[in-house]
Amino acid sequence: MNRIRGKTAIVTGATAGIGEATARSLADAGVHTVLIGRRSDRLESLAADIAGRSGTEVRTRVLDVRDRAGVIAFAHWLEREGVTVDILINNAGLSRGLDTVQEGTHDDWDDMIDTNIKGLLNVTRALLPGMIARDSGHVVNLGSIAGHMVYPKGNVYCATKYAVRALTEAINIDLIGTRVRMSSVDPGMVETEFSLVRFRGDAQRAATVYEGVDSLMPEDIADAILFVLNTRPRMNVLNMLVMPTVQRSPFVMDREPVGGGQ
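Because the structure is predicted, anything quoted here is derived from the model rather than measured. Numbers given for residues are sequential positions, taken from 1 along each chain in its written order. Thresholds applied to this predicted model are a pLDDT of at least 70 for local features of residues and 80 or more for the giving and counting of side-chain atom pairs; totals over whole chains, interfaces and linings are not thresholded and use all residues. Side-chain calculation: all heavy atoms of the structure are included, whereas hydrogens and water are not.

Visitor: When you look at the nonpolar core in this model, what are you seeing that I'm missing?
Guide: Soluble globular proteins tend to bury their nonpolar side chains together. Working definition of a nonpolar core: buried Ala, Val, Leu, Ile, Met, Phe, Trp, Tyr and Cys residues. They are joined through side-chain atoms within 4.5 Å. Three exposure classes are used, based on accessible area relative to the maximum for each residue type with a 1.4 Å probe and protein chains only: buried under 20%, partly exposed in between, and exposed over 50%. In terms of nonpolar packing, the biggest core is built from 32 residues, with Leu-26, Leu-35, Ile-89, Ile-221 and Ile-225 touching the most fellow members. Each helix is a run of DSSP H or I of at least 4 residues and each strand a run of E of at least 2, with the numbering of both proceeding from the N terminus. Going through the elements one at a time, strand S1 (8–11), helix H1 (17–28), helix H2 (40–54), strand S4 (87–90), strand S5 (138–142), helix H8 (218–229) and strand S7 (239–242) are the ones with two or more residues in this core. Residue contacts follow a heavy-atom distance rule, with two residues in contact if any of their heavy atoms lie within 4.5 Å. Other than its neighbours up to four places away in sequence, Leu-26 contacts Ile-4, Ala-9, Val-11, Val-31, Thr-33, Ile-89, Leu-226 and Leu-229. Core analysis: the next-biggest nonpolar cluster, separate from the first, contains 27 residues, Met-131, Val-139, Val-164 and Val-180 among them.

Visitor: Help me out: how do you make sense of the pairing of strand S3 (residues 58–62) in this one?
Guide: Consecutive residues of a regular strand have side chains that alternate between opposite faces of the sheet. Two strands pair when backbone bridges link them, and strand S2 (residues 32–37) and S3 are joined in this way by five bridges, in the parallel orientation. Across the sheet, residue Thr-33 finds its bridge partner in S3, namely Val-58. You can see the chain leave S2, run along H2 and come back into S3, and the turn it takes is right-handed. A strand pair is defined by DSSP finding two or more bridges across the two strands. When the strands point away from the viewer, a crossover counts as right-handed if the path from the first strand over the helix to the second runs clockwise.

Visitor: Explain the packing of helix H3 (residues 68–81) against helix H4 (residues 106–134) to me, please; I cannot follow it from the model alone.
Guide: Axes are the key here: two packed helices are described by the angle between their axes and the distance separating the axes. Between H3 and H4, whose axes approach to 9 Å, the crossing angle comes to 30 degrees. With respect to their mutual orientation, H3 and H4 come out roughly parallel. H4 is crossed by H3, and the crossing has right-handed handedness. Contacts between H3 and H4 involve Arg-68, Val-71, Ala-75 and Leu-78 from the first element and Asn-122, Val-123, Ala-126 and Leu-127 from the second. Among the residues forming the contact of H3 with H4, the class breakdown is six nonpolar, one polar and one charged. Only the contacting stretch of a helix is used when fitting its axis, a line to C-alpha atoms as for every element, and angles between N-to-C directions run 0 to 180 degrees. Angle categories are assigned with fixed cut-offs, so that under 35 degrees is roughly parallel, over 145 is roughly antiparallel, 65 to 115 is roughly perpendicular, and the rest are oblique. Crossing handedness: left-handed means the near helix sits turned counterclockwise from the far one by under a right angle, and right-handed means the same turn made clockwise. Residue polarity is assigned by list, with Asp, Glu, Lys and Arg as charged and Ala, Val, Leu, Ile, Met, Phe, Trp, Tyr, Cys and Pro as nonpolar; anything else, Gly included, falls into the polar class.

Visitor: It is not clear to me how helix H5 (residues 155–174) should be interpreted in this structure. Could you clarify?
Guide: Every α-helical turn comprises 3.6 residues, leaving residues that sit three or four positions apart pointing alike. Look at H5: 28 Å from first C-alpha to last across 20 residues, which is about the 28 Å you get at 1.5 Å a residue. Val-156, Tyr-157, Cys-158, Thr-160, Lys-161, Ala-163, Val-164, Leu-167, Thr-168, Ile-171 and Asn-172 are the residues of H5 that are buried. Here, expected helix span is obtained from the residue count minus one, scaled by 1.5 Å.

Visitor: I keep staring at the pattern of salt bridges and nothing clicks. Help me out?
Guide: Two side chains of opposite charge can pair, provided their charged atoms sit close to one another. Within this document, salt bridges are pairs made up of a side-chain nitrogen of Lys or Arg and a carboxyl oxygen of Asp or Glu, the two lying within 4 Å of each other. For the structure on display, the rule yields twelve salt bridges. With a shortest N-O distance of 4.0 Å, Arg-38 and Asp-64 are connected by a salt bridge. Within this pair, whereas Arg-38 is found in the loop between S2 and H2, its partner Asp-64 is found in the loop between S3 and H3, the two being separated by 26 residues in sequence. Of the residues examined, Asp-64 reaches a relative accessible area of 22% and is grouped as partly exposed. As a salt-bridge pair, Asp-49 and Arg-53 come within 3.9 Å of each other at their nearest N and O atoms.

Visitor: Teacher, can you tell me more about the side chain of Asn-122 here?
Guide: Structurally, Asn-122 is set in helix H4. Apart from the residues lying within four places of it in its own chain, the contact partners of Asn-122 are Val-65, Arg-66, Arg-68 and Val-71.

Visitor: What's the story with the layout of surface pockets in this structure? I'm lost.
Guide: Any empty space left between atoms is shown by rolling a water-sized probe over those atoms. Every definition here rests on a 1 Å grid over the protein atoms only: cavities are sets of points where a 1.4 Å probe fits but cannot get out, pockets are open sets enclosed by protein on both sides within 12 Å along at least five of seven lines, and lining residues have some atom within 4 Å of a point. Grid points are joined across faces, edges and corners, and a volume is the space filled by probe spheres set on the points. Approximately 360 Å³ is the volume found for the second largest pocket. Lining the second largest pocket are 19 residues, with Ala-75, Glu-79, Arg-125, Ala-126 and Leu-127 positioned closest to its centre. Elements with a contribution of two residues or more to the lining of the second largest pocket: H3 and H4. Element by element, the count of residues in the lining of the second largest pocket is highest for H4, at eight residues. Of the residues in the lining of the second largest pocket, the class split is nine nonpolar, five polar and five charged.

Visitor: Sorry, what's going on with empty space enclosed by the protein here?
Guide: All told, the structure shown has two cavities of 30 Å³ or more when counted by the stated rule. Roughly 80 Å³ of internal volume is contained in the largest cavity. In this structure, the largest cavity is lined by 15 residues; those nearest its centre are Arg-96, Gly-97, Asp-99, Met-112 and Asn-155. Of all elements in the fold, only H4 and H5 reach the threshold of two or more residues within the lining of the largest cavity. Across the lining of the largest cavity, the residue classes tally to five nonpolar, five polar and five charged. Along the walls of the second largest cavity sit Thr-12, Val-65, Asn-90, Asn-91, Ala-92, Thr-115, Gly-119, Leu-120 and Val-123, which together make up its complete lining. Counting residues per element, the lining of the second largest cavity draws most heavily on H4, which supplies four residues. For the lining of the second largest cavity, the per-class residue count stands at four nonpolar, five polar and no charged.

Structure follows, in structure tokens:
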């Protein structure tokens, strides 16, 4: 049964990876979308492709979730456009660097904290009151296995994802007595631009992360998100941890040898 057809969803960080895959999967399920991202060319290309093959309504907005004033203006724009937000996918997030704290940089920390925590809060604070007023809505936050178990040199990134997990649990308590739901989907290794962003465009270094690993793909996480959204209204998936079959923890990975050995 499709319980979300005809609803309207906002997807942050929609221009690549999990955000893009989720936008496409939502449209395939008959959901109208408002796509948020920082790259206007990718947004427009994605919107045109989705609208052309799904027949759903697609709007776009160039927006950095770190920009609080911009997020507030976006919420006002939605009101003027008469858009009722049924679903919010807080997908925008990133990692910078892979360093010990004593070797890390303040700029990298600010990028992660401002995007992964403050950006999620900015968008949620702007849109959640409307859901509460209508007593209807579902927010899905993109967490990470890094919000369950830390790994070497993942210090600040892991801290931001622990924060996402804590916020998901705490806001659920804030929402008691309403029909508004909040969930998180927390992936293990997914092959996206994540490592390319983490290593600031070093494609060779980023590629080594996924070598020999049958990792998850963005479409797998989009499937998980749609499952969470499509549950019966009496059911709230507080947290879903999703890992590739070859990964059983951040430290246990079945990685095929690279380069042979013949």
